[in-house]
Structures are given as structure tokens and as C-alpha cells.
Amino acid sequence: MIFLGSLVVRRETFKTYYHLTLEECIQIGIKSILLFMLVSTFMGAVTTLQTAANLVSPFVPRFVISQVVREMTVLELAPTIMAVIYAGKVGSSMAGGLGTMRITEQIDALEVMGINSASYLVLPKIVASLMMFPLLVIVAAVCSMVGGYLAGTLTEILTPTEYIYGIRYSFNEYFITFALIKSFVFAFLISSISSFRGYYTQGGALEVGISSTQAVTTSIIAVLLADYFLAYLLL
Amino acid sequence: MIKIKNISKSFADKTILNGIDGEFDKGKTNLIIGSSGTGKSVLLKCIVGLLHPDTGKVFYDLRNFTEADKDMKSEIRREIGMLFQGGALFDSKNVEQNVMFPLDILTKMPLGEKIERVNFCLKRVGLEGVNKKMPSEISGGMKKRVGIARAIVNNPNYLFCDEPNSGLDPQTAIVIDELIMEITHEFDITTVVVTHDMNSVMGIGEKIMFLYKGEKMWEGTNHEIMNSGVKELDEFVFTNKIMKNLKNGSI
């Protein structure tokens, strides 16, 4: 909490943060989007095949497969699994980058110049995460359902019409809101925990590696706990 | 001028600095010397505010830095330039962006003027045509020069150098030392250099403070250091046979 408090005191100009946040958005969002699309497409495809393999009763209509894919994707796979991947890719990179800056005295250099290094380095990362992760989750959700569509139709498990019908059937818009709330919370947790771990790295290269690992581990635990409590509170 | 009064600093149970007093004069290269682990870098960090001393005060031209409010501290820090041991250049920025960084953050100078100032500083440290190179593409000596250019770009009143020639070959080390001294005289700034390099001590030590086990043991100039009469300092200065023979008059 003290660390988060230090981010909002002795700030630089808005223009400075604007540029830094844009840079972080590119680093975090644009450079992660391919991985997210790839993982989520396969996730949707596999979910479709596995759901089809388990729904063997002739009394269950086949469009239920895509309905299950939709619910799993929107409620859990897109926000939570992507958060785990985000922690692994972006969180470790944040911790590693800040840790390296710490041990090579780059953070000290900022402090000597009279700059609040925590605010200058960390605030843009958190803001960029809050902006980009929900967008990545939306992209992942769409890709997952497209992946499910391709897997389902190409293997002739169900027809395109059945798949689309199932996707639209009994759709609850609130689940989208819920997924977005989750994505904001996860983005905040991952970026702040990873930044904290990296910013307070002490030692050398070995400790930077340890900080990165701790950042990922702690972020994932925090995400899973938050996932449970959000589901308990909001569903 | 920078004045320090009764600076002490401990980490856990270990006392690193014990009641250090001293003055660092304007227009001179002031050296803090001593063996490894005597607290030189800790003292420097206490002076620039990267560490808060347990006791004591630091004055920048009579302004109490240790007890100053955040605004005053910020104001004083903006008058400080610092060269770090490894250069501490920002990896994600090229040479020009690194040198321009203090101007971007601390001033509202138009871009043209900033580029002009950056080029002047790079020229001053003997680096031209490297503006677009990344820190990973330049040598250790060049990194130190870029670090010096970044430290002086905002016309500081105080320049701090933490082991400026560590890891450099003797020739480059001397070039860096001379550059620091020239800049000190040219811009009439207060320069404090932490070093354990005897070439630096003899070459640019216009005022020297010798630390031993966290305490100030001796103060003087490079001309006086040979005959200080302080056993601990003699052991530090005359470490090798040639220096010992020089001291004994055998050479």
C-alpha cells in the first residue's frame, strides 16, 4: 500500500506520463497480442473438441457444445487463463526490467535527478495494463470462439449454423461485464505485484531472476484468489 | 560548496560511517578515498540523498539538504549531476536521448535548443557522431563519457562521480579523470569523486578526504598525501614495492 501511495506523490507532468503510458501500451499490448490470439484460438478449439467428446447423449442438442465454449471462454478461460499468461509474459518482463534498472543504478540516477522513480516507472505500467489487458481479454474471447468454430465445423462435430446458434443461445450480457471487471482487477494485481517485486530487487543478476520468478508466482496466486472472491461476490 | 556534519550511518548492527565532518570546495575536484568497504559510496549516497544518514546534516551552499522539505530537496537535486560507477545509462534510450533526459524532465527547453545542448555536451566529452547509438553498442569508456555528458547537460552546480574509472584501462581512466577536472574548473562547480584509484588521487586530488573503517582519518591535497604521517593512509597509498621504494627514497 505504501508502494502504491508513493506512485501518486511528486508526479511529473501529464505529457511525460502520456508518452510513457503509450510506450508501455505498445510494449504490453501490441507485442503480446499474437501470443494471446494463438493461445486463445487453440484453447477454444480444444474446448470444443473436449466438450463434444463428453456430450455423448443423443438428447443433448449439439449447439450446447458452442454454448459451453462461450460460457467457459467468457467466464473463465479468457480472463483467468489469459491473466496467467499475462503474468508469465508481461509480469516477469516488468519485474526483470525494473530489477535490472535497480541493480544497474538506473533507478538511483532518476532519484538523483529529483524524479520520483516509482511513479515515473511504475504508474505508466499499471495504467497501460489497465487499458490493454481488458482489450486483450476481449480479443482472446473472440479468438477462442473462432477457434471453437473452426475446430467444430472442420471436424464436422457440428454445423456452422448450430455453432452460431449455440453461441447466441440464452446469452447473458452480464457475463461480459463480469469478465471485464475480472480483467481490470487482474491487470491491476499483476502489474502492481510485478512492479513491486522488480522495483525492490537487491543484489545482482541472480536476484533479478528470483524477482521475476516471484513476481509471476505471487501474481498467479493473487489472480486465483481474486478469481474466487470475484465469482463469490459478483455471480 | 558542500558541507557535511557528523554523518553516521549503520546497516543493522554494522556501523558504516561514524561521525564524518568535512567540506567540499567549489571549483575543485574533491576526492573521497579509502579501501573497499570503508564507506565511501555510502557517504556519497548520504550526500546526494539516496540514503538518509542516521545522524548528521548535509549542506549545499548553506541549504540544509537533510532536513529540507520535498520541494527544497527537489530543487537542490535539480542542481546535481551524477556519474555512476557503471554509467547507469537507460538501456531503452539511445545516447542522445540519455543525455537529453534531464532536459526533457527538468526543463521546458524547445527541442532544437535541447539537441544543440546535447551535441555541445557530447562534443565536450569527446564524443561526436554517436547520438543514435544504444548504450549496448558503445564501450565502457564511452559509457562513462556519456554519463558525464548527461551529468553536466543541465548545468549542475554539484557533480558527483562514483568510481568514475573503475573497469577502465589506465589510459582511458586518466582521460576520464582529466575530463572531470577540466569540467570542474571550466564550469566552476563543486565536484566530489569517490575513488580508490591512486592515479586519480595523484592526478586530480585537489582536496582529498581519506576514510578508514567508516571514519575520516586524514584530509589534504595530492601534494601532501605522500608525507601525511598517517600509518593507515601510508598503507593505502604505498601498497606496491615501487611506491614503497619511492617513499623510502630508493627510487
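Between chain B and chain A, the contact holds 16 residues from the first and 13 residues from the second. Looking at the side of chain B that touches chain A, the elements that each hand over two or more residues are helix H2 (70-77), strand E6 (80-83) and helix H3 (95-106) of chain B. Residue composition of the side of chain B that touches chain A, by class: 10 nonpolar, three polar and three charged.

All names here are of chain B. When its domains are assigned, chain B resolves into domain 1 (2-79 + 157-248) and domain 2 (92-155). Relative placement of domain 1 and domain 2: their C-alpha centres are 25 Å apart. Counting from both sides, the interface comprises 11 residues of domain 1 and, opposite them, eight residues of domain 2. Sort the elements by how many residues they give to the side of domain 1 that touches domain 2 and helix H6 (residues 170-187) lands first, with six residues. Among the residues forming the side of domain 1 that touches domain 2, the class breakdown is eight nonpolar, two polar and one charged.

Next up on the list: the pairing of strand E4 (residues 55-60) of chain B. Note on strand geometry: in a regular strand, side chains alternate between the two faces of the sheet. All names here are of chain B. Judged from the five bridges that link them, strand E1 (residues 2-11) and E4 form a sheet pairing that is antiparallel. Paired with Ile4 across the two strands is Val58, which belongs to E4. Two elements, E4 and strand E5 (residues 63-64), share two bridges in a ladder whose sense is antiparallel. From the neighbouring strand, Phe59 faces E5, where its bridge partner is Asn64. Remark: two residues form the turn of the hairpin made by E4 and E5, two consecutive strands paired antiparallel; Asp61 in that turn has positive phi of roughly 45°.

Take the sheet that holds E4 of chain B next. Residue and element names in this part refer to chain B. Ordered in space as E2-E1-E4-E5, the four strands form an open sheet in which the pairing is antiparallel. The strands lining the two open edges of the sheet, one partner per strand, are strand E2 (14-24) and E5. Where helix H1 (residues 40-48) meets the sheet, it contacts E1, E2 and E4, and its direction lies at approximately 120° from that of E1.

A few words on the nonpolar core. Membership of the largest hydrophobic core comes to 125 residues, with the highest contact counts inside it found for Leu43 and Ala149 of chain B. Two domains each put at least three residues into this core: domain 1 (2-79 + 157-248) and domain 2 (92-155) of chain B.

Residue and element names in this part refer to chain B. Looking at the element boundaries, Gly49 is found in the loop between H1 and E4. Separated by 24 residues in sequence, Gly49 and Lys73 place their C-alpha atoms 8.6 Å apart. Apart from residues no more than four positions distant in its own chain, Gly49 is found in contact with Phe65, Lys73 and Arg77.

Residues and elements named next belong to chain A. Its 38 residues place the ends of helix H6 (residues 117-154) 53 Å apart at the C-alpha level, agreeing with the 56 Å of an ideal helix rising 1.5 Å per residue. The principal kink in H6, of about 30°, is found at Ser129. At the exit of H6 stands Glu156, carrying a positive phi of roughly 60°.

A separate point is the sheet that holds strand E9 (residues 207-212) of chain B. Residue and element names in this part refer to chain B. In spatial order, the strands read E6-E7-E8-E3-E9-E10; together these six strands make up an open sheet with mixed pairing. Sheet topology places E6 and strand E10 (215-220) at the edges, where each strand pairs with a single neighbour. Across the sheet, the mean angle from the axis of one strand to that of its neighbour is 20°, orientation sign disregarded. Set on the sheet, helix H5 (residues 140-152) makes contact with E6 and strand E7 (158-162); between it and E6 the angle comes to about 175°.

Attention now moves to the environment of Phe184 of chain A. Residue and element names in this part refer to chain A. Within the fold, Phe184 resides in helix H8 (residues 174-199). Assessed through the 16 C-beta atoms surrounding it within 10 Å, Phe184 is described here as partly exposed. Between the C-alpha atoms of Phe184 and Met132, which are 52 residues apart in sequence, the distance is 9.4 Å. Dropping the residues within four chain positions of it, Phe184 is found in contact with Leu130 and Pro134.

Residue and element names in this part refer to chain A. It is at 9 Å that the axes of H8 and helix H9 (residues 205-234) come closest, and there the two elements cross at 155°. By the angle between their axes, H8 is roughly antiparallel relative to H9. Here H8 and H9 pass one another in a crossing that is right-handed. Contact residues: Phe178, Ile181, Lys182, Val185, Phe186, Leu189, Ile190, Ile193, Ser194, Arg197 and Gly198 in H8; Ser211, Gln214, Ala215, Thr218, Ser219, Ala222, Val223, Ala226, Asp227, Leu230 and Leu234 in H9.

So, how was this worked out
- Residues numbered from 1 in each chain as written.
- Chains lettered and ligands numbered in written order.
- Predicted model: local features only at pLDDT ≥ 70, side-chain atom pairs only at ≥ 80, totals over all residues.
- Contact = placed C-beta atoms within 7 Å.
- Helix = DSSP H or I, 4+ residues; strand = E, 2+ residues; numbered from the N terminus.
- Nonpolar A, V, L, I, M, F, W, Y, C, P; charged D, E, K, R; others polar.
- Domains from an automatic or database assignment.
- Pairing = 2+ DSSP bridges.
- Axes fitted to C-alpha atoms, helices over the stretch in contact; angles between N-to-C directions.
- Core = buried A, V, L, I, M, F, W, Y, C linked by C-beta atoms within 7 Å.
- Buried ≥ 20, exposed ≤ 12 C-beta atoms within 10 Å, placed from the backbone.
- Expected span 1.5 Å × (residues − 1).
- Bend = angle between axes of the 7 residues up to and from the residue.
- Parallel < 35°, antiparallel > 145°, perpendicular 65-115°, else oblique.
- Left-handed = near helix turned anticlockwise from the far one by under 90°.

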